[in-house]
Amino acid sequence: MKIIMLGAPGAGKGTQAKMIADKYQIPHISTGDIFRANIKNGTELGQKAKTYMDQGLLVPDELVVDLVVDRVKQDDCANGYVLDGFPRTIPQAESLDAALAKFEDTIDYAINVEVPDENIVRRMSGRRACVACGATYHIVHIPTKVEGICDRCGKELILRDDDKPETVQKRLGVYHEQTQPLIDYYTNKGCLVEVDGTKDMNEVFSDIVDILSK
Ligand code: ADP
Ligand code: AMP
């Protein structure tokens, strides 16, 4: 099962992608997590990506596409994967499709997690992330057992630099301009499905499982 998560920043793509990956035993591939790991490790890619991420801008397509295309060719992706945060532009989607077409392959589902902009800023200011294992929490909606410590791996949580309200506004603008057109793109391909991302995270997940089981 090859799945793409679509939706605004903070819609809950990562939260749902992790649950999908656990249930269906497929890899969760988050380009945001890959960049954050590279920043943490001080790589050249990380340094380049950070200058864009800190401004709320997208990292240029040429720094993202090969990375993902190479990743989905790895053995652990043979039974599928869930892509989170990629594609974010039409050229990225076209490059992915072209790479899959070489193996007569296509995406099965593009899941659009719908959340209105008004809810997003509130969600992002409460988001806490684990850079060690990629888990995400919310101080009110999805709290950890011990404040500031990841339930999954025990490492310290961070407030992402790009989750400041002014950067979130910028990211929302970038989303509407560059990423939202992917909804029409995948509708035209016949694989778009939509879920109401304002519901509780377990209800959203149950809606997704219903769709994937049909
Ligand atoms: P994205 O990957 O789309 O940027 P996340 O999965 O990181 O979004 O979720 C953004 C924030 O909202 C996180 O703090 C997360 O814990 C919280 N969150 C995710 N899903 C829900 C939900 N259904 N209801 C309330 N808060 C949620
Ligand atoms: P995310 O963790 O998905 O919210 O991504 C955080 C940031 O990483 C984004 O705001 C972008 O700057 C960058 N990024 C992640 N994925 C992509 C992508 N597919 N294309 C361009 N930039 C990306």
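See the structure above.
Residues numbered from 1 in each chain as written. Chains lettered and ligands numbered in written order. Predicted model: local features only at pLDDT ≥ 70, side-chain atom pairs only at ≥ 80, totals over all residues. Heavy atoms only, no water.

A. Spatial organisation of the sheet that holds strand S3 (residues 81-84). The strand order S2-S3-S1-S4-S7 describes an open sheet built from 5 strands, whose pairing is parallel. The open sheet has two free edges, formed respectively by strand S2 (28-30) and strand S7 (192-196), since each of these has just one partner strand. Across the sheet, the mean angle separating the axes of adjacent strands is 25° when strand polarity is ignored. Pairing geometry for S2 and S3, over 3 bridges, is parallel. Within S3, the residue paired with Ser 30 across the bridge is Asp 84. (Pairing = 2+ DSSP bridges. Helix = DSSP H or I, 4+ residues; strand = E, 2+ residues; numbered from the N terminus. Axes fitted to C-alpha atoms, helices over the stretch in contact; angles between N-to-C directions.)

B. Structural detail: the packing of aromatic side chains. Inspection of every chain in the model, using the stated rule, returns 1 aromatic pair. Arranged with centres 4.9 Å apart and planes meeting at 80°, the rings of Tyr 185 and Tyr 186 form a pair that is edge-to-face. For the pair Tyr 185 and Tyr 186, a shared accessibility class is recorded, and that class is buried. Above the plane of the ring of Tyr 24 lies Lys 23, whose end atom (NZ or CZ) is 5.8 Å from the centre. (Phe/Tyr/Trp six-rings, centres within 6.5 Å; stacked < 30°, edge-to-face > 60°. Buried < 20%, exposed > 50% of the residue type's maximum accessible area, 1.4 Å probe, protein only. Lys NZ or Arg CZ within 6 Å of the ring centre and 35° of its normal.)

C. Representation of the site of ligand 1. As a structural note, the neighbourhood of ligand 1 is formed by 19 residues, with Gly 10, Thr 15, Arg 127, Tyr 137 and Lys 199 the closest of them. Interatomic distance of 2.6 Å between a side-chain N/O atom of Thr 15 and an oxygen atom of ligand 1. A distance of 3.3 Å separates a nitrogen atom of ligand 1 from a polar atom in the backbone of Met 201. For ligand 1, whose unbound accessible area comes to 560 Å², protein coverage reaches 93%. Counting residues per element, the ones that place at least two in the shell around ligand 1 are helix H1 (13-24) and strand S6 (136-138). Taken together, the residues of the shell around ligand 1 sort by class into 6 nonpolar, 8 polar and 5 charged. (Near = heavy atom within 4 Å. Polar contact = N/O pair within 3.5 Å; in protein donor to acceptor, adjacent residues only side chain to side chain. Areas by Shrake-Rupley, 256 points an atom, 1.4 Å probe, with all protein chains shown as cover. Nonpolar A, V, L, I, M, F, W, Y, C, P; charged D, E, K, R; others polar.)

D. Structural context of the site of ligand 2. Neighbouring residues of ligand 2: 16 residues in total, closest Thr 31, Arg 36, Leu 57, Gly 85 and Gln 92. Between Thr 31 and ligand 2, the recorded distance is 2.7 Å, taken from a side-chain N or O atom to a nitrogen atom. Between an oxygen atom of ligand 2 and a side-chain N or O atom of Arg 160, the distance comes to 3.1 Å. When ligand 2 sits alone it has 490 Å² of accessible area, and the protein chains cover 96% of it. When residues in the shell around ligand 2 are grouped by element, the largest group, 4 residues, is from helix H2 (residues 31-40). Considering only residue class, the shell around ligand 2 consists of 7 nonpolar, 4 polar and 5 charged.

E. Structural context of the state of the cysteines. Tallied over the entire structure, the rule returns 0 disulfides. No disulfide involves Cys 191; its sulfur sits 17 Å from the nearest other cysteine sulfur, which is in Cys 77. Overall, the relative accessible area of 8% leaves Cys 191 in the buried class. (Disulfide = S-S within 2.5 Å.)

F. Quick peek at the nonpolar core. Ranked by size, the top nonpolar core spans 55 residues in total, and within it Leu 83, Ile 111 and Tyr 186 carry the most contacts. Of the residues forming this core, the biggest block, 6 residues, is contributed by helix H9 (residues 201-213). In contact with Leu 83, not counting residues within four places along its chain, are Ile 3, Ile 4, Met 5, Ile 29, Val 68, Val 72 and Leu 96. Grouped together as the second largest cluster of nonpolar side chains are 5 residues, Cys 130, Ala 135, Tyr 137 and Cys 150 included. (Core = buried A, V, L, I, M, F, W, Y, C linked by side-chain atoms within 4.5 Å. Contact = heavy atoms within 4.5 Å.)

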